[in-house]
Amino acid sequence: MREVGQGSPGDQQGDRHRSTAALMIDLEWVAMTTHPTPSPQPTQPPQQTGATSPSRAPRDYLSELFSLEGRVAVVTGGSSGIGRAIAGALARAGASVVVVARGEAGLAATVEELTAEGCRAAWVSADLSSREGVRTAAERAAGAFGEPDILVNSAGINLRPPMDELGEDVWDATMAVNLEAPFLLGQRFGPGMAQRGYGRIIHISSQQAHRAFVQSGAYGASKGGLEALARSQAEAWSPRGVTCNLLVPGFVMTALNARLSSDPEKVAALAARTMIGRNGLAEDFAGAAVFLASAASAYVTGQSVFVDGGLSVH
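Nothing here was measured: the structure is a model prediction, and the numbers come from that model. For every chain, the first residue of its written sequence is number 1, and the numbers climb from 1 along that sequence. Per-residue local features of the predicted model are confined to residues with pLDDT of at least 70, and side-chain atom pairs are confined, for both listing and counting, to 80 or more; whole-chain, interface and lining totals are unaffected and use all residues. To get the side-chain values, all heavy atoms of the structure are used, and hydrogens and water are removed first.

**Q** Account for the overall build of the protein chain, naming residues and giving values.
**A** Secondary structure elements are taken from DSSP: a helix is a run of H or I of four residues or more, a strand is a run of E of two residues or more, and numbering for both begins at the N terminus. Looking only at helices and strands, the protein chain features 10 helices and 7 strands. Should any heavy atoms of two residues lie within 4.5 Å, those residues are counted as being in contact. Pairs at least 24 residues apart make up 72% of the contacts formed inside the protein chain by residues separated by at least 6 positions. Here the accessible surface of atoms and residues is derived via Shrake-Rupley with a 1.4 Å probe, and residues count as covered only by protein chains that are part of the display. Carbon and sulfur atoms make up 55% of the accessible area of the protein chain, which amounts to about 17100 Å² in all.

See below:
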């Protein structure tokens, strides 16, 4: 309401009449503003200024966490099994992926599948059982899309003779592929990642690294060494932005486990030991691999991440 000034007694009476009238006018104005006459709705919705579409914000947030756009990944053993599933996941998340393995047919099929979906992928055929083969593979892989930001060591061999019959040839072959190749590739790519301030090294380990069963032998020893290697790499390079972790499968239906997967009774028994009630599939590792390869895992390093349906704790 407007304020009314003081005046003479005669004026005050007139002022009272004017104040009363003014009060009535003001009360009418308040009523009008409190209960305005409805106006016709606009035919076009009002434009929002400075607002973010609700459907867009989650996509942007997830992209910041998990997108691998602009990253380069090298995946050994990437033409089959868990390695192929991880190579596909990283490529579909935006990374340029170089798949390294021995068989050209499997490599070509893997890359053809990814490029048909619009992904960037290339392949390198290599033998990782010798130091020279590993060095050659590393240089050829780096020549495809440039120095990698992500290294996935999935290549492995699984020879299981009884311990009494374990010869030096099996020991040497197992250590060369399962442990020495990841070491050499780490030495080739890890320092460069650290210098650039970003890197992700992911090793595929095994339950055998944590407990011996089914003639663990050289295979179990190689995977135990691999887990120790990952922690050493994490200690050396994590302060400079390079995380080093492991994925630990349970029993996964892949060619590497053909000896067990061909026995239905053993397959069923292994599935019963999980909490989920089934054995693993290669595709079960896609999400975990993208997480460990992305910015989302910046504070996760030196860890063994079990992707085993609860097998290890059941």
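Now that the structure is up, let's keep going.
**Q** Tell me about helix α10 (residues 286-293), and please be specific about residues and values.
**A** Taken as a whole, α10 has its buried residues at Ala-289, Val-290, Leu-292 and Ala-293. The buried side chains of α10 occupy one side of the element, clustering within an arc of 165° when seen end-on. When accessible area is computed with a 1.4 Å probe and restricted to protein chains, residues below 20% of their type maximum are described as buried, those above 50% as exposed, and intermediate ones as partly exposed. The arc in question is the one spanned by the directions pointing from the helix axis to the C-beta atoms.

**Q** Break down the packing of helix α5 (residues 131-145) against helix α6 (residues 168-196) for me, citing the residues and quoting the values.
**A** Direction vectors running N to C along α5 and α6 enclose 40°, while the axes themselves pass 10 Å from each other. Judged by the angle between their axes, α5 and α6 are oblique. The chirality of how α5 crosses α6 is right-handed. Across the interface between the two elements, Arg-131, Val-134, Ala-138, Glu-139 and Ala-142 of α5 pack against Glu-180, Ala-181, Leu-184, Leu-185, Arg-188 and Phe-189 of α6. Fitting a line to C-alpha atoms yields each axis, with helices limited to the stretch in contact; the angle taken between N-to-C directions then spans 0 to 180 degrees. Roughly parallel refers to an angle under 35 degrees, roughly antiparallel to one over 145, roughly perpendicular to one between 65 and 115, and oblique to any angle outside these ranges. Note on convention: near helix rotated counterclockwise from far helix by under a right angle means a left-handed crossing. Clockwise means right-handed.

**Q** Hey, could you go over the environment of Gln-187 for me, with residue numbers and the actual values?
**A** Turning to its location among the elements, Gln-187 is positioned in helix α6. In this structure, the C-alpha to C-alpha distance between Gln-187 and Gln-233, residues 46 residues apart in sequence, is 9.2 Å.

**Q** Which residues make up the packing of α6 against helix α7 (residues 217-237), and what are the values?
**A** Two numbers describe how α6 lies on α7: the axes approach to 9 Å, and their chain directions differ by 10°. The orientation of α6 with respect to α7, classified from their angle, is roughly parallel. From α6, Trp-171, Thr-174, Met-175, Asn-178, Leu-179, Pro-182, Phe-183, Gly-186, Gln-187, Gly-190, Pro-191 and Ala-194 reach across to α7, where they touch Ala-218, Tyr-219, Ala-221, Ser-222, Lys-223, Gly-225, Leu-226, Leu-229, Gln-233 and Trp-237. Side-chain classes are defined by residue name, with Ala, Val, Leu, Ile, Met, Phe, Trp, Tyr, Cys and Pro counting as nonpolar, Asp, Glu, Lys and Arg as charged, and the others, Gly among them, as polar. Grouping the amino acids of the contact of α6 with α7 by side-chain chemistry returns 13 nonpolar, 8 polar and 1 charged.

**Q** Please give an account of the packing of aromatic side chains that cites residues and values.
**A** A pair of aromatic rings is counted whenever rings of Phe, Tyr or Trp (Trp by its six-membered ring) have centres within 6.5 Å, and the orientation is called stacked for planes under 30 degrees apart, edge-to-face for over 60 and tilted otherwise. Tallying each qualifying case throughout the model produces 0 aromatic pairs. Consider the ring centre and the ring normal. A charge sits over the ring if Lys NZ or Arg CZ is within 6 Å of that centre and within 35 degrees of that normal. For the cation-ring pair, Arg-71 lies above Tyr-198, with the distance from its terminal atom to the ring centre recorded as 3.5 Å.

**Q** With reference to specific residues and values, describe unusual backbone geometry.
**A** Of note in this structure, Val-214 is not a glycine but carries a positive phi near 55°. Positionally, Val-214 belongs in the loop between β5 (199-204) and α7. Phi is positive for Gln-215, close to 55°, though the residue is something other than glycine. Among the structural elements, Gln-215 can be located in the loop between β5 and α7.

**Q** Can you explain α6? Please cite residues and give values.
**A** Expected span of a helix: the number of residues minus one, times 1.5 Å. With 29 residues, α6 extends 40 Å between its outermost C-alpha atoms, agreeing within 8% with the 42 Å of an ideal straight helix rising 1.5 Å per residue. Fitting one axis to the seven residues ending at a residue and another to the seven starting there, the bend at that residue is the angle between the two axes. Most pronounced at Ala-176, the bend in α6 amounts to some 45°. Note on α6: the residue one or two positions beyond its end, Gly-197, has a positive phi of about 90°.

**Q** Summarise the pairing of strand β6 (residues 242-249); cite the residues concerned and give the values.
**A** In terms of residue burial, β6 counts as a mostly covered element, since 8 of its 8 residues are buried. Taking every second residue as pointing to the same face, both faces of β6 are buried, with Val-242, Cys-244, Leu-246 and Val-248 on one and Thr-243, Asn-245, Leu-247 and Pro-249 on the other. Pairing between strands is defined by DSSP: at least two bridges between the two strands are required. In the sheet, β5 pairs with β6 via 6 bridges, with the strands oriented parallel. Bridge pairing in β6 links His-203 to Leu-246. A crossover counts as right-handed when, viewed with the strands pointing away from the observer, the path leading from the first strand over the helix to the second turns clockwise. Tracing the backbone out of β5, into α7 and back to the parallel element β6 gives a crossover that is right-handed. Pairing geometry for β6 and strand β7 (residues 304-307), over 4 bridges, is parallel. Counterpart to Pro-249 in the pairing with β7 is Val-307.

**Q** Go over the pattern of salt bridges, please, and point to the residues and values.
**A** The rule for a salt bridge is simple: a side-chain nitrogen of Lys or Arg has to be within 4 Å of a carboxyl oxygen of Asp or Glu. Considering all chains together, one arrives at 8 salt bridges under this definition. Residues Glu-113 and Arg-92 are paired through a salt bridge, measuring 3.0 Å at the closest nitrogen-oxygen approach. Of this pair, Glu-113 sits in helix α4 (residues 104-116) while Arg-92 is found in helix α3 (residues 81-92), placing the two residues 21 residues apart along the sequence. Between Arg-188 and Glu-139 there is a salt bridge, with the nearest N and O atoms lying 2.6 Å from each other. With Arg-188 in helix α6 and Glu-139 in helix α5, this residue pair connects regions lying 49 residues apart in the sequence. Residue Arg-188 is classed as partly exposed on the basis of its relative accessible area of 27%. Glu-139 sits in the partly exposed class, given a relative accessible area of 44%. A network of salt bridges, in which partner residues are shared, links Arg-84, Arg-92, Glu-113 and Glu-117.

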